[in-house]
There are 2 protein chains.
Amino acid sequence: MVWIKLRVKIFNVEIGELRSVVNVEDAEKIGVTTRDRVKISAEGGHVVTLVSITNSREVSGPGEIGVFADVLKRVSLEDGDEVDVTYVPPPPSVSLIKKKMAGGRLTSEEVEAIIRDAYEGFLSDVELTAFILALEYRGMDVDEVESLTKAMASVGNRLDFGDSLVVDKHGIGGVPGTSKDSLIIVPIVASAGLLIPKTSSRAIMSPAGTADTMEVLAPVDLTAEEIVEITKRVGGVIAWTASANLSPVDSVFIERVEYPLSVDPESLIYASIMSKKYAAGIRRLLLDIPVGPEAKVESMRDARRIGRNMADLGERLGIHTEVAISYGGQPVGRCVGPALEAREALEILASGGKGSRSIVEKAVALAGILLEMGGVAPIGYGEKAARSIL
Amino acid sequence: MVWIKLRVKIFNVEIGELRSVVNVEDAEKIGVTTRDRVKISAEGGHVVTLVSITNSREVSGPGEIGVFADVLKRVSLEDGDEVDVTYVPPPPSVSLIKKKMAGGRLTSEEVEAIIRDAYEGFLSDVELTAFILALEYRGMDVDEVESLTKAMASVGNRLDFGDSLVVDKHGIGGVPGTSKDSLIIVPIVASAGLLIPKTSSRAIMSPAGTADTMEVLAPVDLTAEEIVEITKRVGGVIAWTASANLSPVDSVFIERVEYPLSVDPESLIYASIMSKKYAAGIRRLLLDIPVGPEAKVESMRDARRIGRNMADLGERLGIHTEVAISYGGQPVGRCVGPALEAREALEILASGGKGSRSIVEKAVALAGILLEMGGVAPIGYGEKAARSIL
């Protein structure tokens, strides 16, 4: 293993990857080519980066190593610092991605290694894309999806509610106007004495995510501690998943690969939803799957398959999961968009349930199921209880 | 479409992608998020880049746009230049990549659009990886492979030998010691009056590529013009494919995706080889497929399939292709490595064919087939003719 001494030159710009730049002369000495990795050892620690090679003495001359600002988050470096640099092979997770690309089955330790490296920023865009597309084309069996879900939850925060019964409702989106239903359901369920720390995303493809709509009324960028504290105090909260840092690698996958390529492998749909519920300490989950020609799920057949798989995965995670298949053929309620939906939800709450039947009935029905699941209403009486609370 | 005026700030480092960086405030004004694209219009022209968003005023403050050095190859910019910037959607080739990912069939125009954008550097690592993996998992039919081959040839240089009969031999590598056979075959074939402009790669996985071995004796980094000129003058040449810029997008695929992920989709194996032959103006091609447990092709069955597909593709391109399946079970000749193989080849040429039978017989047999294919030896007499020339 050849180590060479180089002087640090800082490029004060983040590029979204851990990357450094060495001159072609030094690259030959340590035997690296573009997209290989180098280990940089400094006084304060060490870091592994992808490496680019340059011919330009102006960029990184012989004896210099340019580092992008992303690297400085890992190890403290200053212009002119002397560091030791050597070639290192790709992390084991890269071989594991290749194993999945070839159709292999990953153990839970192997899935964890990939997720940890993805979260730490150790994987290049190319490697991360290969992982997501391997999931798309090769799929994962139920054991692998369970491993993926737990691994995704393990790299972020966990909410701890002790022995309390924590419930949640999750809607598989895609239908305009649905973002407001949580604003009605959460208060009903919390009033009945259950804990419901509802974490939601912002809009991805729709006009409003639940977090966007709630933000019209109150801040949603709460920390994990704030979510636990508020939920324990008043029974429920609606917050943004990202600021609580629940299953944060999910947004890495979405931003770097899934959104640019419009892909969403089925195993990752399950793991994405359930890793956040698992991290949030949910014990009983009601999954709402709207079905309609323009909804995310277009057929009853798909809805049943997805529901069954989610329920199976839930049992493996200790989250009892029930599935409600709802009508997703047209917008729900009268209004679409964060501000209008927030007002519509408030009016329904303030008037004791007056408003568009499509939203009131849906919210009451879902809240009722949650009351039954939480054991605070007898089976068959949940909807009635929810309506009387509203 | 919102245009805003920004001042250029140059980051003097190449990152291998066309990328610029804007402050989060300006990103909101033009409605872009990280990994979207922006169009930068300057006095001297315009360029489309991927965009990164920064919070740091030090990197790109409000009113500034940082550009990496790669961008300067497309449009002339200087620090402080005022430019107009707006959001642009991804190029159509990105939707075409998604079409192939979903299993669709690409027309020749669609394949051309992808190849052109890949060559121009308009595709991100994520998009390029998606294209290669779509080829791996979805495959291409023969029409698509023909389109791919022609498109790859069309973005680089073309060698023009007029009406002359131009022949070539191509070995599917992977067997140590084979890099020297071209050093024996090319002089024999050229002596017989045929034109043989042999372009070769450097070693990828093996100890020596033909270009590496030839370079021991003579420069191989020749331009397209030099290859044509030398071939017309002395009948043959051995040169490095890359410096002649034949099918240059092939090395983009290899360096950015195939090498890091160890993937090599079958459609791209065919297109990679044949696009270079097509660009080099080859009319008759002898394909040597060594078969052996450690060779690239491990079974006769695979060798026959690959040979048949290459011959079919050749006919579509106007390149009459014959296939020789050779023994790849152990190294060829006595020496392995550029310098030793170059000396071994020279000794065989100087002694009129004395040396290890495994290399002499192979070279004479392949040269003989080429003499027959080129019409300068009667069928059945090529090997004898080759031996007498040697």
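These notes cover the structure that comes with them. (Residues numbered from 1 in each chain as written. Chains lettered and ligands numbered in written order. Predicted model: local features only at pLDDT ≥ 70, side-chain atom pairs only at ≥ 80, totals over all residues. Heavy atoms only, no water.)

1. Concerning the pairing of strand β2 (residues 19-23) of chain B
All names here are of chain B. Of all 5 residues in β2, 5 are buried, a share of seventy percent or more. Of the two faces of β2, the one lined by R19, V21 and N23 and the one lined by S20 and V22 are each fully buried. Summarising the sheet, β2 and strand β4 (residues 45-54) pair through 5 bridges and their orientation is parallel. The residue of β4 that forms the bridge with R19 is L50. Inspection of the sheet shows β2 paired to strand β5 (residues 64-68) by 3 bridges, in the antiparallel sense. Within β5, the position partnered with V21 by the bridge is G66. (Buried < 20%, exposed > 50% of the residue type's maximum accessible area, 1.4 Å probe, protein only. Helix = DSSP H or I, 4+ residues; strand = E, 2+ residues; numbered from the N terminus. Pairing = 2+ DSSP bridges.)

2. Section: empty space enclosed by the protein
Applying the stated criterion across every chain yields a total of 3 cavities of 30 Å³ or more. The calculated volume of the largest cavity comes to roughly 90 Å³. D125, R256 and P260 of chain A together with E17, R19, R35, L50, S124, D125, V126 and E127 of chain B are the residues that line the largest cavity. Sort the elements by how many residues they give to the lining of the largest cavity and helix α6 (residues 125-138) of chain B lands first, with 3 residues. In terms of residue class, the lining of the largest cavity is made up of 3 nonpolar, 1 polar and 7 charged. Counting residues domain by domain, the lining of the largest cavity receives three or more from each of domain 1 (4-88) and domain 2 (92-139) of chain B. There is about 50 Å³ of room inside the second largest cavity. What lines the second largest cavity is simply E17, L18, R37, V48, T49, L50, G121, F122, L123 and S124 of chain A. (1 Å grid on protein atoms, 1.4 Å probe; cavity = no way out; pocket = protein on both sides within 12 Å on 5 of 7 lines; lining within 4 Å. Points joined across faces, edges and corners; volume = space filled by probe spheres on them. Nonpolar A, V, L, I, M, F, W, Y, C, P; charged D, E, K, R; others polar. Domains from an automatic or database assignment.)

3. What about the relation of the copies chain A and chain B?
The transformation that overlays chain A on chain B combines an axial shift of 0.1 Å with a rotation of 180°, and the residual RMSD is 0.1 Å. Given the turn and translation reported, the copies of this chain are related as if by a two-fold rotation axis. Residue V126 of chain A of chain A places its C-alpha closer to the rotation axis than any other residue of that unit, at 2.8 Å. Take the interface residues of chain A: 100% of them recur as interface residues in chain B, which is what a same-surface contact looks like. (Least-squares fit on C-alpha atoms with pLDDT ≥ 70 in both. Contact = heavy atoms within 4.5 Å.)

4. Side note on the environment of L135 of chain A
Residues and elements named next belong to chain A. One can find L135 in helix α6 (residues 125-138). Spatially, the C-alpha atom of L135 lies 7.7 Å from that of L268, the residues being 133 residues apart in sequence. The residues touching L135, leaving out its near neighbours within four places in the chain, are K100, M140, L148, P265, S267 and L268.

5. Considerations on helix α7 (residues 142-154) of chain B
Residues and elements named next belong to chain B. For α7, which comprises 13 residues, the first-to-last C-alpha distance of 18 Å matches the rise-based estimate of 18 Å (1.5 Å per residue) to within 8%. Burial in α7 covers these residues: E144, V145, E146, S147, L148, T149, A151, M152 and A153. Considering only its buried residues, α7 is in contact with α4 (92-101), α5 (108-120), α6, α11 (249-261), α12 (266-279) and α13 (300-317). For α7, the side-chain oxygen to backbone nitrogen distance between the N-cap and D143 is 3.0 Å, and the N-cap itself is D141. (Expected span 1.5 Å × (residues − 1). Polar contact = N/O pair within 3.5 Å; in protein donor to acceptor, adjacent residues only side chain to side chain.)

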